[in-house]
Structures are given as C-alpha cells and as structure tokens.
Amino acid sequence: MRIDIITVLPELLKSPFEASILKRAIDKKLVEIHLHNLRDYSIGNYKQVDDYQFGGGAGMVLMIEPIDKCISKLKAQREYDEVIYMTPDGETLNQGISNEISLKKNIIILCGHYKGVDQRVRDLFITKEISIGDYVLSGGELAAAVFCDSLIRLLPGVLNDETSALTDTFQDNLLAPPVYTRPSNYKGIKVPEILLSGNFPSIEKWREDKALERTTKKRPDLLN
Ligand code: ADE
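These figures come from a predicted structure and were not determined experimentally.

S.K.: What is the right way to look at the environment of Lys218 in this model?
M.R.: By the element assignment, Lys218 lies in helix H6 (residues 200-218). When the 10 C-beta atoms within 10 Å are taken as the criterion, Lys218 is described as exposed. When the C-alpha atoms of Lys218 and Pro16 are compared, they prove to be 29 Å apart, with 202 residues separating the residues in sequence.

Here it is as structure tokens:
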C-alpha cells in the first residue's frame with residue numbers, strides 16, 4: 001500500500017512512522033508513506049497556502065490552488081483509489097472503514113487546518129471524508145496518524161502473529177476478552193484457572209464468552 005499525505009505540518013507526521021510496528025512495516029516495504037508539504041505548492045513569494053474566507057469570519061481557509069497542484073501532480077504519476085480528507089465533520093472512523101481502506105493500493109490523505117479547506121476542494125477531489133471522533137483537533141495531522149496506524153496494522157505481514165489483528169477489539173463487532181500474563185498469582189489475585197489448563201477448545205470458548213460479556217456490559221450498541 002502507498003499512502004501520500006498532504007499537510008502544512010509534515011514535521012507532526014514524522015515520529016509516528018519512526019517507531020515500533022509502523023516503522024517495521026515501512027522497513028519491510030509493506031507500506032510506503034510519502035509526506036507532501038503543501039507549502040511546496042504555494043503561490044506567490046510569500047509561500048501562501050491559506051487566505052481569509054469570503055463573506056467574513058474568523059479563521060483562515062486552505063486555498064484550492066496549492067492543493068490542486070499537489071493532487072494533480074500525484075494523480076499524473078499513478079492511479080489513486082481514494083482521496084481522503086480528515087475533518088471533524090466526516091464519517092466517524094470505525095474498524096469497518098479501516099478494514100475496507102486497508103485493501104486499497106494507493107490513497108491520498110489531505111489534512112485540514114485552520115477553518116478547513118475551500119469547499120471546492122471537497123467537491124472536486126475528495127472521495128471520502130473521515131473524522132476520528134466528535135472533538136476538534138488543531139489540524140488533521142494527528143487524525144491522519146491515527147487513521148494510518150489503524151490501516152497499516154491490518155496489512156498482511158505487518159503483525160508478527162498474522163492472526164492477531166483478527167482478534168483485535170472491534171473485529172466481529174466484539175470487544176476483545178481479558179488477557180493475563182505472568183505471574184499466575186499476584187498477591188493472591190489469580191489468573192482464571194481455565195487459561196492455565198492447556199485445554200485450548202475450552203480456552204477459546206471462555207474467550208468468546210468473556211468477549212460477549214464485556215461487550216454486553218461496556219458497548220451494548222455494538223451488538224445491534
Ligand atoms: N481535524 C480536526 N479535528 C478532526 C477530527 N476529529 N477528525 C479528523 N480530522 C480532524
């Protein structure tokens with residue numbers, strides 16, 4: 001998978017890809033991340049990428065011209081399956097969306113900033129708008145990092161244990177069951193006996209029961 005991210009703050013998006021699972025995925029060439037600084041496509045001597053909004057009102061708006069230049073350049077080089085805009089008024093991200101987008105080959109992610117982007121950018125170029133929750137961030141960069149993390153961990157070969165993304169919370173609309181590690185007895189608090197039994201069919205059944213119990217208690221909405 002190839003992900004091109006367009007942003008006015010590329011430095012905000014460097015460190016998430018320089019550690020742990022995401023770094024390993026890049027090193028193993030399972031994903032390519034390309035950061036594009038919108039200022040490189042700016043207009044005029046002032047490297048302008050934003051301007052006041054027509055009609056008045058506080059806050060700057062990202063201009064269409066630099067975004068058009070950047071997206072058009074990318075699209076001239078390869079086909080893109082989606083051009084995604086990170087915005088608090090987008091569709092709320094969930095595991096189903098991440099599963100679907102993780103199957104795509106090339107995607108562009110545009111990070112919003114200030115008051116957002118000129119509406120014509122959304123009308124002309126954007127195929128999907130994604131929010132990571134009902135709260136407002138200073139820009140789309142951290143949201144893009146969250147979204148990319150959720151995609152990359154699903155790509156085949158990224159996780160050591162191939163099955164482990166499949167047992168994540170939210171896969172199958174269930175929360176994951178409780179997990180335990182050593183010691184089996186900590187200050188008198190014991191790990192459930194069944195997990196030490198070596199009876200794997202029973203352990204699997206226990207995990208399914210606990211996943212359902214936890215989901216019923218904490219997130220009954222997922223079961224509907
Ligand atoms: N940009 C600002 N807030 C955001 C959010 N909640 N989700 C996605 N992009 C955003």
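S.K.: Is there a simple way to explain the UniProt feature "binding site: S-adenosyl-L-methionine" (unreviewed entry) in the chain in this structure?
M.R.: The positions that UniProt labels "binding site: S-adenosyl-L-methionine" (unreviewed entry) are, in the present scheme, Gly112, Ile132, Gly133, Asp134, Tyr135, Val136 and Leu137. For Gly112, a count of 26 C-beta atoms within 10 Å corresponds to the buried category. Apart from residues no more than four positions distant in its own chain, Gly112 is found in contact with Tyr85, Met86, Thr87, Val117, Gly139 and Gly140. On the secondary structure map, Ile132 appears in the loop between strand E7 (128-131) and helix H5 (141-152).

S.K.: Is there a simple way to explain the confidence of the model for the chain in this structure?
M.R.: Close inspection of predicted coordinates is inappropriate for parts of the model with low pLDDT. When pLDDT is averaged along the chain, the result is 95; 99% of the residues meet or exceed 70. Of the two predicted TM-score estimates for the complex, the pTM is 0.94 and the ipTM is 0.98.

S.K.: Can you walk me through the sheet that holds strand E5 (residues 82-92) in this structure?
M.R.: Strand-to-strand pairing in sheets goes through backbone hydrogen bonds, with the strands running parallel or antiparallel. On the basis of which strands lie adjacent, the open sheet formed by 5 strands has the order E2-E1-E6-E5-E7 and parallel pairing. In this open sheet, the two edge strands, each paired with only one partner strand, are strand E2 (32-37) and E7. Strand-to-strand twist of the sheet, defined as the mean angle between neighbouring strand axes without regard to direction, takes the value 30 degrees. Across 6 bridges, the pairing between strand E1 (residues 2-7) and E2 is parallel. Residue pairing across strands places Arg2 opposite Glu32, the latter belonging to E2.

S.K.: How should the nonpolar core be read in this particular structure?
M.R.: A general tendency of soluble globular proteins is for nonpolar side chains to be buried together. Ranked by internal contacts, the top residues of the largest apolar core, which has 41 residues, are Ile67, Ile109 and Ala144. Of all the secondary structure elements, the ones that give two or more residues to this core are E1, helix H1 (20-27), strand E4 (60-62), helix H2 (64-77), E5, strand E6 (106-111), helix H4 (119-125) and H5. At 7 residues, the largest contribution of residues to this core is made by H5. Excluding anything up to four places from it in sequence, Ile67 contacts Ile6, Leu38, Leu62, Leu110, Val117 and Val121.

S.K.: Explanation requested: the domain arrangement of the chain in the structure shown.
M.R.: Accessible area lost on assembly of the parts is the figure often given for the size of an interface. When cut into domains, the chain gives domain 1 (2-152) and domain 2 (171-223). Between the C-alpha centres of domain 1 and domain 2 the distance comes to 38 Å.

S.K.: How should I be thinking about the site of the ligand in this particular structure?
M.R.: Around the ligand sit Met86, Thr87, Pro88, Gly112, Ser131, Ile132, Gly133, Tyr135, Val136, Leu137, Gly140 and Ala143, and that is every residue in its neighbourhood. The element that contributes the greatest number of residues to the shell around the ligand is E5, accounting for 3 residues. The class makeup of the residues in the shell around the ligand is 7 nonpolar, 5 polar and no charged.

So, how was this worked out
- Residues numbered from 1 in each chain as written.
- Predicted model: local features only at pLDDT ≥ 70, side-chain atom pairs only at ≥ 80, totals over all residues.
- Helix = DSSP H or I, 4+ residues; strand = E, 2+ residues; numbered from the N terminus.
- Buried ≥ 20, exposed ≤ 12 C-beta atoms within 10 Å, placed from the backbone.
- UniProt positions renumbered as here; feature names shortened; annotations may be inferred.
- Contact = placed C-beta atoms within 7 Å.
- pLDDT = per-residue confidence, 0-100.
- Pairing = 2+ DSSP bridges.
- Axes fitted to C-alpha atoms, helices over the stretch in contact; angles between N-to-C directions.
- Core = buried A, V, L, I, M, F, W, Y, C linked by C-beta atoms within 7 Å.
- Domains from an automatic or database assignment.
- Near = placed C-beta within 6 Å.
- Nonpolar A, V, L, I, M, F, W, Y, C, P; charged D, E, K, R; others polar.

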